[in-house]
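# Observations on the model geometry
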Amino acid sequence: AFTLPCHCTILRRTNRDHSIGCCMTQVPEHVSRRAIPAWIVFGAPIAVMAGIFLLSSRSHLPDLDGGRDIQSIVGHFVVYAALGGSLAVLLRSLGWSPLRALLVAIVLATLYGVTDEFHQSFVPNRSTDPKDVLVDLLGATAGALAAMRLMDSWASSTNATSDADPDPPVDESF
């Protein structure tokens, strides 16, 4: 199966004796990388966008909060967090730099939110709301940042296991 490498965002570089600190880098070639299957990396953003499109195509969504708009805010935040996070993972897996992947993921997810609001203007009983785009931006930002952080901790745990001394000293005092 074809897989893409899961690049890290920030690695904690260490010597065997002490930590050097954090730096924006990629996993060194000698470190084994965990791989995410390509169909997940590419399919996740597409699946999220399809779900958003299907939900925004419905004339009536169930009202679970009695018309207080909490459901709309939480819904927009959560689905755009998923979109921002999945786009960030995709772009990092393609080898983009952490900052560039983060910013482009946020911009793309927010632009999709703008097109979603435009799409809703054609759906009966639905209306556009600029506040929704703001919530989309906040959700995309939170999701992209969370995904980058998870990728960082995933890469750090992979790097930590590879930095371990392959031949630990043997206590021969017995």
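Here, the structure is the one placed above.
Cut-off values and rules
- Every chain is numbered on its own, with residues counted from 1 as its sequence reads.
- Reporting of local features is limited, given that this is a predicted model, to residues whose pLDDT is at least 70; pairs of side-chain atoms are given and counted only at 80 or more, and all residues count toward the totals for whole chains, interfaces and linings.
- Side-chain metrics rest on all non-hydrogen atoms present in the structure, leaving aside hydrogens and water.
- Runs of E in the DSSP output that reach at least two residues are strands. Runs of H or I that reach at least four are helices, and both are numbered from the N terminus.
- A 1.4 Å probe rolled over the protein chains alone gives each residue an accessible area, and that area as a share of the maximum for its type sets the label: buried under 20%, exposed over 50%, partly exposed in between.
- Residues count as neighbours in contact if any of their non-hydrogen atoms are within 4.5 Å of one another.
- Only the protein chains shown count as cover for residues, with accessible areas throughout obtained via the Shrake-Rupley method and a probe of 1.4 Å.
- Polar contact criterion, stated in full: a pair of N or O atoms within 3.5 Å, where within protein one must be able to donate a hydrogen and the other to accept it, and residues adjacent in sequence count only if both atoms are side-chain atoms.
- Only one rule defines a salt bridge in this text: a Lys or Arg side-chain nitrogen within 4 Å of an Asp or Glu carboxyl oxygen.

The next subject is the overall build of the chain. On a plain count of helices and strands, the chain comes out with four helices and four strands. For the chain, the succession of helices and strands along the chain, N to C, is β-β-β-β-α-α-α-α. Looking at the chain as a whole, 35% of its 174 residues are labelled buried. A sequence separation of at least 24 residues applies to 73% of the contacts in the chain between residues at least 6 apart. About 10400 Å² of surface is accessible on the chain, with carbon and sulfur atoms providing 67% of the total.

A few words now on the side chain of T110. Summarising the element assignment, T110 is placed in helix 3 (residues 98–120). Overall, the relative accessible area of 15% leaves T110 in the buried class. At a separation of 2.8 Å, a polar atom in the side chain of T110 contacts the main-chain carbonyl oxygen of I106. Once residues within four sequence positions are removed from consideration, T110 is found in contact with V133, L137 and A140.

Quick look at the pattern of salt bridges now. On inspection of all chains with the given rule, the structure shows three salt bridges. A salt bridge links D129 to K131, with the nearest nitrogen and oxygen atoms 3.8 Å apart. Looking at K131, the relative accessible area reads 30%, which means it is partly exposed. Of the charged contacts, one joins D152 and R149 as a salt bridge, the two residues approaching to 2.7 Å between their closest N and O atoms. Within this pair, D152 and its partner R149 are both found in helix 4 (residues 130–163), separated by three residues, close to a single helical turn. Connected through salt bridges with shared partners, the residues D69, D129 and K131 form a single ionic network.

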